[in-house]
Amino acid sequence: MIKQIEGGVCAPLGFTANGVLAGIKAGRTKNDLALIYSEKPCNAAGVFTKNLVKAEAVKLTRQNLKNGKAQGVIANSGNANACTGEQGAKNALRMAQAAAKALNIASDDVIVCSTGVIGQQINIEAIEKALPNLADGLSKTGNAAAREAIMTTDTVYKEVAVEFELGGKTVHIGTMAKGSGMIHINMGTMLSFMTTDCAISSEMLDSALRETIEGTYNCISVDGDTSTNDTLTILANGMAGNAEITEKNADYALFVEALNQINTMMARKIAADGEGAEHLIECVVKGAKTVESARVLAKSVISSSLVKAAFFGADANWGRILCAMGYSGELFTPEKVSVTFTNSKGTVEVFKNGVPLNFDEDKAKIVLTEKEVQILVDLEEGNCTGTAWGCDLTYNYVKINGDYRT
């Protein structure tokens, strides 16, 4: 049984964390610099933005993870260190070197992440000055300080941890993430850090991570923008004492199940906290010929600005859903499609087998006014299902992003 527990990235054995206010961006009053550390070297893996324009921290971390090893993470908010040229690259390296010195580890064993404003040089001196105290304050309860330090426009922190039995040993996985705007499938301005005490090879860790993001992090969209800084990393120090997972066996399958459960919860948290969002939208497409096709269709629905606007207005405009499916690039038979809105307040079927239904508009308004709404789409063409998560598009999204830089 996979059990949810407290502790975030500090839940696994051997991991500590901390966060401090370094003063990276003028006017910030909350922590802006986070550190995660494993007392033992880790096998590690990561996935990154598919944006051609990549932040300097992304470039450095990709290089550092080529050997599948890491032991620490340094992450800041307030500045993305993206589009900053040679000086930005030097600053990312200085971040790694400063963290390595404070932790007494090699600089290429440090994962570096940044988030915030693009195109401005980072205050590297503030980071270097803060690091000794940041490292001195590492603790098993430091996840609370660290999770705050990576937030930008997030209104709530995002954290999950679980434990489960693997080969007679108790294994833990913990994570924290930030993400609210500039979020689109293939991740977004999304930083996520995962820790585990499971013994698993770098190769299997990389495989598990990539396998689980396809139906979780890669199935969310807030605003259609894919960031320059997307990073999702995982560190495994093996301190749980289980037999090391080196192949895709039953232990691997259970590890993937736990990872998938965590990443699904985190994906929902990010989508629900979209900038200015008032509603979490979950679209489930069933009856598809393949899982991939179902996911593409679901993603197209929750990515549509018109669908998002309709949910903001609690308008049961099912036509926009069909329209978004139609330009997804996936083939389906519109005459077979059925669409239903549902949540704890009730269920309203609005379209069945290609024919619009007369439905209770007042009841639909009640359902669509709730914080979470599920769109159920049945294609009746196969046995596969795909899910994607998004949010509504509100006036506040424009307000938040209208003057973000200034």
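Above this text is the structure in question.
Residues numbered from 1 in each chain as written. Predicted model: local features only at pLDDT ≥ 70, side-chain atom pairs only at ≥ 80, totals over all residues. Heavy atoms only, no water.

K.L.:
Before we go on, may I ask you to explain helix α6 (residues 250-272) in this structure?
P.N.:
One turn of the α-helix equals 3.6 residues, which is why residues spaced by three or four share an orientation. Spanning 23 residues, α6 covers 33 Å between terminal C-alpha atoms, matching the ideal 33 Å at 1.5 Å per step. For α6, the complete set of buried residues consists of Y252, F255, V256, A258, L259, I262, N263, M266, A267, I270 and A271. The backbone nitrogen of D251 has a side-chain oxygen 3.2 Å away, supplied by the residue at the start of α6, namely N249. (Helix = DSSP H or I, 4+ residues; strand = E, 2+ residues; numbered from the N terminus. Expected span 1.5 Å × (residues − 1). Buried < 20%, exposed > 50% of the residue type's maximum accessible area, 1.4 Å probe, protein only. Polar contact = N/O pair within 3.5 Å; in protein donor to acceptor, adjacent residues only side chain to side chain.)

K.L.:
Honestly, helix α8 (residues 305-312) in this entry has me stumped. Any pointers?
P.N.:
When α8 is considered as a whole, its buried residues turn out to be V307, K308, A310 and F311. What you see down the axis of α8 is that its buried residues fit within an arc of 160°, all on one side. The opening residue of α8 is S304, an N-cap whose side-chain oxygen sits 3.3 Å from the backbone nitrogen of L306. A positive phi of about 50° marks A314, the residue just after α8. (Arc of directions from axis to C-beta.)

K.L.:
Please clarify how the pattern of salt bridges should be interpreted in this entry.
P.N.:
Pairing between side chains becomes possible if they bear opposite charge and their charged atoms approach one another. One pass over the structure, following the stated rule, counts 10 salt bridges. For E125, the salt bridge identified is with R94, shortest N-O distance 3.9 Å. Of this pair, E125 sits in helix α3 (residues 124-136) while R94 sits in helix α2 (residues 85-103), placing them 31 residues apart in sequence. The class of E125 is partly exposed, set by a relative accessible area of 47%. R94 sits in the partly exposed class, given a relative accessible area of 27%. Note that R147 and E159 form a salt bridge whose closest N and O atoms lie 2.8 Å from each other. Of this pair, R147 sits in helix α4 (residues 143-149) while E159 sits in strand β6 (residues 158-166), and the two are 12 residues apart along the sequence. Take R147 and E159: they sit in the same class, and that class is buried. Ionic contacts of the salt-bridge type, sharing partners, join the residues R94, E125 and E128 into one network. (Salt bridge = Lys/Arg side-chain N within 4 Å of Asp/Glu carboxyl O.)

K.L.:
What should I look at first to understand the state of the cysteines in this one?
P.N.:
What is meant by a disulfide is a covalent connection between two cysteines, made through their sulfur atoms. Using the criterion set out here, one finds 0 disulfides in the structure. Cysteine C384 is unpaired, with the sulfur of C219 as its nearest cysteine sulfur at 14 Å. Left without a disulfide partner, C391 is nearest to the cysteine sulfur of C283, which lies 14 Å away. (Disulfide = S-S within 2.5 Å.)

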